[in-house]
Amino acid sequence: EPEVTQTPSHQVTQMGQEVILRCVPISNHLYFYWYRQILGQKVEFLVSFYNNEISEKSEIFDDQFSVERPDGSNFTLKIRSTKLEDSAMYFCASSARGVPYTFGSGTRLTVV
Amino acid sequence: QQQVKQSPQSLIVQKGGISIINCAYENTAFDYFPWYQQFPGKGPALLIAIRPDVSEKKEGRFTISFNKSAKQFSLHIMDSQPGDSATYFCAAADMDTGRRALTFGSGTRLQVQP
């Protein structure tokens, strides 16, 4: 069964550093998403991406965040200057028609 | 108005029993209601989803009941098994406006005792 692949599985970074989280969506999917889950809490929407542009973003997705689909296969989330409160699991998801989604296994980001 | 409220926070059920998890929403524009299962260290995996034109959908041991007038929906897991022990999230989205962002409930940690 096709999978959404995320790398790395765990990243530790110093506060103020930039991080890039990487995702390889399912190959024929057209809609891409990033969600995050702070430990023990609910999953929260960050951003959706379709047709090479952001289609929707949440209040969480401020100027520190950006997304890119650099080469037609990867989908990245960049956090420019990480804060302690950015520590969370970050999930990438993709879908062929908007829903249903397939989520990746996530990247655990720890900001120290 | 975007919230989806989920209860209970945790649930312990004996093997073979029925697990019931409830969700309520306020935004009447929501028209897609999925349930996700999440194991520790993994991403959410879609279990079953419903649109508001039906009141019930069943897939195997999993059933969604949907009450449009009450703005509530629930997940029933029949013949619960220890392998069902996981965190379950309800979610909702407004598909008609093209917004496909899911609003998740706060999750229910289910433990099925052997």
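Everything below is about the structure printed above this text.
Quick caveat, the model's predicted, so the values are computed rather than measured.

1. Details of the pattern of salt bridges
All names here are of chain B. All told, the structure shown has 4 salt bridges over all chains when counted by the stated rule. Among the salt bridges present, the one from Asp 31 reaches Arg 51, with a minimum N-O distance of 3.6 Å. On the criterion of sequence distance, the pair formed by Asp 31 in the loop between strand E3 (19-25) and strand E4 (33-38) and Arg 51 in the loop between strand E5 (45-50) and strand E6 (56-59) is long-range, its members being 20 residues apart. Accessibility expressed as a relative area gives 7% for Asp 31, which makes it buried. One salt bridge in this structure joins Arg 61 and Asp 84, with 2.8 Å as the shortest N-O distance.

2. Let's talk about the layout of surface pockets
For the largest pocket, the calculated volume is near 550 Å³. Gln37(A), Gly40(A), Gln38(B), Thr87(B) and Arg109(B) are, among the 23 residues lining the largest pocket, the residues nearest its centre. Of all the secondary-structure elements, those providing two or more residues to the lining of the largest pocket are strand E9 (88-95) of chain A together with strand E9 (86-92) and strand E11 (108-113) of chain B. The residue makeup of the lining of the largest pocket, split by class, is 9 nonpolar, 11 polar and 3 charged.

3. A look at unusual backbone geometry
Here Thr7(A) and Pro8(A) are connected by a cis peptide whose omega angle stands at -10°. One can find Pro8(A) in the loop between strand E1 (5-7) and strand E2 (10-13). The omega angle of the peptide bond from Ser7(B) to Pro8(B) is -5°, so this bond is cis rather than trans. As for its placement among the helices and strands, Pro8(B) is situated in the loop between strand E1 (4-7) and strand E2 (10-14). Non-glycine residue Asn51(A) carries a positive phi angle of around 55°. Examined against the element boundaries, Asn51(A) turns out to sit in the loop between strand E5 (43-50) and strand E6 (53-57). With a phi close to 50°, Asp79(B) is a non-glycine residue in the positive phi region.

4. Thoughts on the interface of chain A and chain B
Between chain A and chain B, the residue contacts involve 18 residues of the former and 17 residues of the latter. When chain A packs against chain B, the two sides together hide about 1500 Å² of surface, and 59% of this comes from carbon and sulfur. Considering only the side of chain A, the residues that lose the most area to chain B are Lys42(A), Glu56(A) and Val99(A), jointly responsible for 33% of the buried surface there. Across the contact surface, chain A and chain B share 0 salt bridges. Counting the contacts that link chain A with chain B gives 3 residue pairs in polar contact (both at pLDDT 80 or more). Among the elements of the structure, strand E4 (31-37) and E5 of chain A are those that each provide at least two residues to the side of chain A that touches chain B.

5. Here we look at the pairing of E11(B)
Residues and elements named next belong to chain B. With burial as the criterion, only one face of E11 is covered, namely that bearing Thr 108, Leu 110 and Val 112; the residues Arg 109, Gln 111 and Gln 113 on the opposite face remain uncovered. Pairing of E2 with E11 involves 5 bridges; the strand directions are parallel. Looking at the pairing, Ser 10 lines up with Arg 109 of E11. As judged from the 3 bridges shared by E9 and E11, these two strands associate in the antiparallel manner. Each bridged residue has a counterpart across the sheet, and for Tyr 88 the counterpart in E11 is Thr 108.

Conventions we followed
- Residues numbered from 1 in each chain as written.
- Chains lettered and ligands numbered in written order.
- Predicted model: local features only at pLDDT ≥ 70, side-chain atom pairs only at ≥ 80, totals over all residues.
- Heavy atoms only, no water.
- Salt bridge = Lys/Arg side-chain N within 4 Å of Asp/Glu carboxyl O.
- Helix = DSSP H or I, 4+ residues; strand = E, 2+ residues; numbered from the N terminus.
- Buried < 20%, exposed > 50% of the residue type's maximum accessible area, 1.4 Å probe, protein only.
- 1 Å grid on protein atoms, 1.4 Å probe; cavity = no way out; pocket = protein on both sides within 12 Å on 5 of 7 lines; lining within 4 Å.
- Points joined across faces, edges and corners; volume = space filled by probe spheres on them.
- Nonpolar A, V, L, I, M, F, W, Y, C, P; charged D, E, K, R; others polar.
- Contact = heavy atoms within 4.5 Å.
- Buried area = accessible area lost by both parts, 1.4 Å probe.
- Polar contact = N/O pair within 3.5 Å; in protein donor to acceptor, adjacent residues only side chain to side chain.
- Pairing = 2+ DSSP bridges.

Structural measurements only, silent on function.
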